[in-house]
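Chain by chain, the residues:
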Amino acid sequence: MPLRVPGILAPVRRRTGTTDYYEVVQRAAETEILPGLRTTVWGYNGTFPGPTIVSQRGRNTIVSHTNSLEVPVVVHLHGGRVPPEHDGFPTDFLLPIHGHAGHRSGGMTHTGSTTVGTRTYEYPMDQPAGTLWYHDHRTDFTGPQVYRGLAGFHLVADDHEATLGLPSGARDVPLMIVDRSFRADGQLDYPSLGPTLQTPGVTSEYASGSSATSSSSTGCHGRSSRWRRCATDRGCSTPRTPAGMP
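An account of the accompanying structure is given in this report. (Residues numbered from 1 in each chain as written. Predicted model: local features only at pLDDT ≥ 70, side-chain atom pairs only at ≥ 80, totals over all residues. Heavy atoms only, no water.)

Within the secondary structure, Val 25 sits in strand β2 (residues 19-31). The exposure class assigned to Val 25 is partly exposed, which follows from its relative accessible area of 30%. When the C-alpha atoms of Val 25 and Ser 64 are compared, they prove to be 8.4 Å apart, with 39 residues separating the residues in sequence. Leave out the neighbours within four places in its chain, and Val 25 touches Gly 43, Tyr 44, Asn 45, Gly 46, Thr 66 and Ser 68. (Helix = DSSP H or I, 4+ residues; strand = E, 2+ residues; numbered from the N terminus. Buried < 20%, exposed > 50% of the residue type's maximum accessible area, 1.4 Å probe, protein only. Contact = heavy atoms within 4.5 Å.)

Below you can see the structure in the form of structure tokens.
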């Protein structure tokens, strides 16, 4: 299969000098991951990875998410400097647009800032250039919901980065590295205790790990490419977090 580079999400409108506005729908869709087979994913705008958002430092980015799935979701901008009410706290649920009974776990009902249908996240983007990513952050279910496809890149550019001579345009490549298991029919095979994502947890023999890097390399015809690499929940911003820090 050819390498699929996530598309750049265009703002639905812009306020001169200050703010860019985006709209995203979280929904189920079918895609071809394995040759000749169709796989159901949960995607931002129905794609996996989700569309890439590119922000300029100093311009506000406002993203409205609509939940067309069957479960609660939460959106977290990993690596972003954002106000706490827009950080995607694990119990700040965005419930499905068609309604949902809520989130229960271990006999307890989790409470937070809950919204039904559509929620708007505001990001000031007062931070240096970097490779961030946005992903689901629902308490107890981050793992399986990201596994099903709820992840995408959010890149921040600034004037200093523009002076560095890094590869740009088609040679600035966001590369999300993930591992997935599939059933014979092409569907994702996640070892969840509750396949409808009402019961949290996985079977005991499974554990998780993560990594993130960014680099430049020289490809064909001596031209350089910039590879922004991302894997699971330790983020994608560079430089990497020093060992021993969360």
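In this section: the nonpolar core. Leu 77 and Tyr 123 are the most contacted members of the largest nonpolar core, which totals 23 residues. Elements supplying a minimum of two residues to this core: β2, β3 (39-44), β6 (75-78), β11 (118-123) and β12 (130-136). Every residue in contact with Leu 77, bar those within four places of it in the chain, is listed here: Val 82, Asp 87, Tyr 123, Met 125, Leu 132, Trp 133, Tyr 134 and His 154. Of all hydrophobic cores here, the second largest spans six residues; its members include Val 146, Ala 151, Phe 153 and Leu 155. (Core = buried A, V, L, I, M, F, W, Y, C linked by side-chain atoms within 4.5 Å.)

Here we take up the pairing of β12. Counting buried residues in β12 gives seven out of seven residues, a clear majority hidden from the surface. Two strands pair when backbone bridges link them, and β6 and β12 are joined in this way by four bridges, in the antiparallel orientation. If you follow His 76 over to β12, its bridge partner there is His 135. Sheet topology note: the β12/strand β13 (residues 151-157) ladder contains six bridges and is antiparallel. Its bridge partner being in β13, Leu 132 is matched across the sheet by His 154. (Pairing = 2+ DSSP bridges.)

So, on to empty space enclosed by the protein. One pass over the structure, following the stated rule, counts one cavity of 30 Å³ or more. Estimated volume of the largest cavity: approximately 40 Å³. Every residue lining the largest cavity is listed: Ile 53, Val 63, His 65, Val 75, Tyr 123, Tyr 134 and His 154. (1 Å grid on protein atoms, 1.4 Å probe; cavity = no way out; pocket = protein on both sides within 12 Å on 5 of 7 lines; lining within 4 Å. Points joined across faces, edges and corners; volume = space filled by probe spheres on them.)

Turning next to the pattern of salt bridges. Here the structure, examined in full by the defined rule, presents four salt bridges. Here Glu 30 ties to Arg 38 by a salt bridge, and the two come within 4.0 Å at their closest N and O atoms. Several salt bridges converge on common partners, so that one network encompasses Arg 14, Asp 20 and Arg 59. (Salt bridge = Lys/Arg side-chain N within 4 Å of Asp/Glu carboxyl O.)

With that settled, the discussion passes to unusual backbone geometry. Omega for the peptide link from Phe 48 to Pro 49 comes to -5°, which places this bond in the cis form. Looking at the secondary structure, you find Pro 49 in the loop between β3 and β4 (50-56). The phi dihedral of Asp 140 is positive, around 75°, even though this residue is not glycine. The topology assignment puts Asp 140 in the loop between β12 and α1 (142-147). When its relative accessible area of 35% is taken as the criterion, Asp 140 is described as partly exposed. We note that Leu 197 has phi near 60°; this positive angle belongs to a residue other than glycine. By secondary structure assignment, the location of Leu 197 is in the loop between β14 (172-176) and β15 (211-218). Given a relative accessible area of 0%, Leu 197 falls into the buried group.

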